[in-house]
There are 2 protein chains.
Amino acid sequence: MLSEFSLIDRFFARRASAQSSDAANGALGIGDDCALLAPRAGEMLAISTDMLVEGRHFFADVDPEALGHKALAVNLSDLAAMGAQPQAFTLAFSLPKADEAWLAAFSNGLFALAERHGCELIGGDTTGGPLNLCITVFGSVPPRAALRRDAAQPGDDIWISGTLGDARAGLGLQRAEWSADAADTATFRRALERPEPRVALGLALRGIAHAALDLSDGLAGDLLHILERSTMQATVDIDAIPRSAALRRLSPDIQQRCTLAGGDDYELCFTAPATARAAVEKAGREVNVPVTRIGTISALQTAADRPAIGWRDAAGAPLILTLQGFDHFHAD
Amino acid sequence: MLSEFSLIDRFFARRASAQSSDAANGALGIGDDCALLAPRAGEMLAISTDMLVEGRHFFADVDPEALGHKALAVNLSDLAAMGAQPQAFTLAFSLPKADEAWLAAFSNGLFALAERHGCELIGGDTTGGPLNLCITVFGSVPPRAALRRDAAQPGDDIWISGTLGDARAGLGLQRAEWSADAADTATFRRALERPEPRVALGLALRGIAHAALDLSDGLAGDLLHILERSTMQATVDIDAIPRSAALRRLSPDIQQRCTLAGGDDYELCFTAPATARAAVEKAGREVNVPVTRIGTISALQTAADRPAIGWRDAAGAPLILTLQGFDHFHAD
């Protein structure tokens, strides 16, 4: 078993310092009491932290290379949802034992994604204990360009990047809730294990989008966060919600469950004025990420109204979302 | 059992936002994808992260109020060692169950210390799992004033704040390695459970001290970190190492073990030029923290020399530090 210091040094600190000679985002990195970091001139640091626990966020037999990717990806996704440029991250983790092969694969997955985004490891902590990963990520954003949750405006379109539901479909396969052929299984598994944070799209949406967040817990719950913080309502056309060809091969009930209540998509949900439709589509084309308009924001109509989502089908008929899916609305 | 959101809201988010109306360190705090934070104008953010795991850093029956204090204190201590002014922190934790009494006490300990230092909770993450606490703390420091580990100079004095060894003495009591009377037991236990981060001293030492770190793993190991990063040697008078009256009532062997190889002291160890002795003592008086000179930094003499500590007794006779303590040096 490696000692704590040689373990950190071999898999993390050396690679971090090799990286910092290129990126030079951190003025002082691993090895002092603190790292020193500044946002770009005139900008602020966007900061997000996520903790991943074995048995809850991933299984004990997870591919460690995929885990390294995902642990950072879910944090970069928060920066993307803010329109922030990734700069640096810290990594704290507890491990039951120092397994060299596991650490090598984990750090490979982690640094491959970090290097693609110019995001430098500037500090951390390692300790013994049940497997737990805590990453805190730092990005730079001009204060007025930050894509906040409380900025949705009446008349805004609601947009989604990529497609929804594949990650939840992958989890359902692992749980034997449903089945799929080998090709679709690979698609779903990749969506679950290797989400791609929409960093470039978040940056491209600065000055175009009003409100944004990343979809980690499912559209129905996450869109409500924008509505609550913006004190707005939404109407969403469920038939417009973008789904992969693989997901469309599962039953309509499963598709709804995966797109609306499934988590782990890490796509962006954002609002933008109707006058910005061409600009949003241009931003999506420039970063090669499909963007799809799924609904509209509206103001609360009466003092008794609360932020809520009105679901509609393609014909405009209202639907009621239940735990099991949708029922067509019947006025009693 | 509380749901995750109401739990966070009751014990953490509401209190964080109540606090932010006073402190206003964070432009955007809990509730969005990221918090937004900037250092003071012309300064950098000093960032440190620590993970505390049940069974390793604390026992399952720990007083949760003391744990809340200590989890933040060990992070603030890293800011102190950098000469940084605390601004904000994030808290990620996993909990086996949402025990309201435990969370109330934990958050009380946490926020009492945070408020004393104007350090605002700006974000976090909570999840189910074995008890694990990960705090990342942010302070502001002018780049040139940062107290780095690599800045020790030949001829510098080596200084220690407060006294060393009481926390390790407290751990020894818990482990029944030794015993003490009720008053000394209370002293040791307080040192172990409620370390006081030397934030004000760190700020007062800006422009005076050269190198600094906080003592978390014991003087013998921690001072070596300064020597290695500064490529220096040190001579330390072990009889000069400050000890509490309570520790002096334990045997000399235990005193040595606790002061040199004990951890959890969270005192500052720093170097400063001999010309700054009056300034160091004035800084200590101003913040009401005793400071004690225990040794000297010197350059490596030959190419074969490595960073190391030469231990001396009050008479200047060399000693050899062993795992068990000191042997007087005998030239063979």
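Further up the page is the structure itself.
Residues numbered from 1 in each chain as written. Chains lettered and ligands numbered in written order. Predicted model: local features only at pLDDT ≥ 70, side-chain atom pairs only at ≥ 80, totals over all residues. Heavy atoms only, no water.

## Side note on the interface of chain A and chain B
Next up, step 1: Opposite the 55 residues of chain A that make contact, chain B presents 55 residues.
Next up, step 2: A buried area of about 4200 Å², summed over both sides, lies between chain A and chain B, and 60% of it is on carbon and sulfur atoms.
Next up, step 3: On the chain A side of the contact with chain B, Asp33, Ile47 and Met51 of chain A bury the most area, a combined 17% of that side's loss.
Next up, step 4: On inspection of chain A and its partner chain B, the count reaches four salt bridges.
Next up, step 5: Arg149 of chain A serves as the salt-bridge partner of Asp33 of chain B, at 2.9 Å between the closest nitrogen and oxygen.
Next up, step 6: Taken together, chain A and chain B are joined by 17 residue pairs in polar contact (both at pLDDT 80 or more).
Next up, step 7: Considering each element in turn, the side of chain A that touches chain B owes the most residues, nine residues, to strand E3 (residues 44-53) of chain A.
Next up, step 8: Class assignment of the residues belonging to the side of chain A that touches chain B gives a composition of 30 nonpolar, 13 polar and twelve charged.
Next up, step 9: With three bridges connecting them, strand E2 (residues 35-37) of chain A and strand E3 (residues 44-53) of chain B associate as antiparallel partners. (Contact = heavy atoms within 4.5 Å. Buried area = accessible area lost by both parts, 1.4 Å probe. Salt bridge = Lys/Arg side-chain N within 4 Å of Asp/Glu carboxyl O. Polar contact = N/O pair within 3.5 Å; in protein donor to acceptor, adjacent residues only side chain to side chain. Helix = DSSP H or I, 4+ residues; strand = E, 2+ residues; numbered from the N terminus. Nonpolar A, V, L, I, M, F, W, Y, C, P; charged D, E, K, R; others polar. Pairing = 2+ DSSP bridges.)

## A closer look at the state of the cysteines
Next up, step 1: All told, the structure shown has zero disulfides over all chains when counted by the stated rule.
Next up, step 2: Just so you know, Cys134 of chain A is unpaired, no disulfide at all, and the nearest cysteine sulfur is the one on Cys134 of chain B, 3.2 Å from it.
Next up, step 3: Given the relative accessible area of 1%, Cys134 of chain A is considered buried.
Next up, step 4: You can see Cys269 of chain B has no disulfide; the closest cysteine sulfur is in Cys34 of chain A, sitting 16 Å from it.
Next up, step 5: For Cys269 of chain B, a relative accessible area of 0% translates into the label buried. (Disulfide = S-S within 2.5 Å. Buried < 20%, exposed > 50% of the residue type's maximum accessible area, 1.4 Å probe, protein only.)

## Describing the relation of the copies chain A and chain B
The two chain copies are connected by a rotation around an axis plus a translation along it.
Next up, step 1: For the pair chain A and chain B, the superposition axis carries a translation of 0.0 Å, the fit reaches an RMSD of 0.0 Å, and the rotation angle comes to 180°. Between the two chains, the operation in question is that of a two-fold axis.
Next up, step 2: By residue overlap, the copies meet face to face through one surface: 100% of the interface positions of chain A are interface positions in chain B. (Least-squares fit on C-alpha atoms with pLDDT ≥ 70 in both.)

## Let's talk about the packing of helix H2 (residues 64-82) of chain B against helix H3 (residues 100-116) of chain B
Residues and elements named next belong to chain B.
Next up, step 1: The interhelical angle for the contact between H2 and H3, taken along N-to-C directions, is 35°, at an axis separation of 6 Å. Crossing of H2 over H3 shows right-handed handedness. On H3, the residues touching Pro64, Glu65, Leu67, Gly68, His69, Leu72, Ala73 and Leu76 of H2 are Trp102, Ala105, Phe106, Asn108, Gly109, Leu110, Leu113, Ala114 and Arg116.
Next up, step 2: Each residue belonging to the contact of H2 with H3 can be placed in one class, and the counts come to eleven nonpolar, four polar and two charged. (Axes fitted to C-alpha atoms, helices over the stretch in contact; angles between N-to-C directions. Left-handed = near helix turned anticlockwise from the far one by under 90°.)

## Comments concerning the packing of aromatic side chains
Next up, step 1: The tally for this structure, following the rule as stated, stands at seven aromatic pairs over all chains.
Next up, step 2: Residues Phe138 of chain A and Phe138 of chain B carry aromatic rings whose centres are separated by 5.7 Å and whose planes lie at 85° to one another, so their mutual orientation is edge-to-face. You can see Phe138 of chain A sitting in strand E6 (residues 132-141) and its partner Phe138 of chain B sitting in strand E6 (residues 132-141), one on each of two chains. Take Phe138 of chain A and Phe138 of chain B: they sit in the same class, and that class is buried.
Next up, step 3: Here the aromatic residues Phe93, Trp102 and Phe106 of chain A are joined through ring pairs into a cluster of three or more. (Phe/Tyr/Trp six-rings, centres within 6.5 Å; stacked < 30°, edge-to-face > 60°.)

## Quick word on H2 of chain B
All names here are of chain B.
Next up, step 1: End to end, H2 covers 28 Å across 19 residues, agreeing with the expected 27 Å (1.5 Å per residue, within 8%).
Next up, step 2: In terms of residue burial, H2 counts as a mostly covered element, since 18 of its 19 residues are buried.
Next up, step 3: Regarding H2, its N-cap is Asp63, as a side-chain oxygen of that residue lies 3.0 Å from the backbone nitrogen of Glu65 further along.
Next up, step 4: Trailing H2 by a residue or two, Gly83 shows a phi angle of about 70°, which is positive. (Expected span 1.5 Å × (residues − 1).)

## A short note on the pairing of strand E7 (residues 157-161) of chain A
Residues and elements named next belong to chain A.
Next up, step 1: The buried fraction of E7 amounts to five of the five residues, a majority that puts the element mostly inside the structure.
Next up, step 2: Residues Asp157, Trp159 and Ser161 of E7 are buried on one face, and the alternating residues Ile158 and Ile160, pointing to the opposite face, are buried as well.
Next up, step 3: When E7 meets strand E10 (residues 268-272), the two strands line up antiparallel, connected through four bridges. Paired with Ile160 across the two strands is Cys269, which belongs to E10.
Next up, step 4: As paired elements, E7 and strand E11 (residues 291-299) share five bridges and run antiparallel to each other.

Shape is all these values report; function is a separate question.
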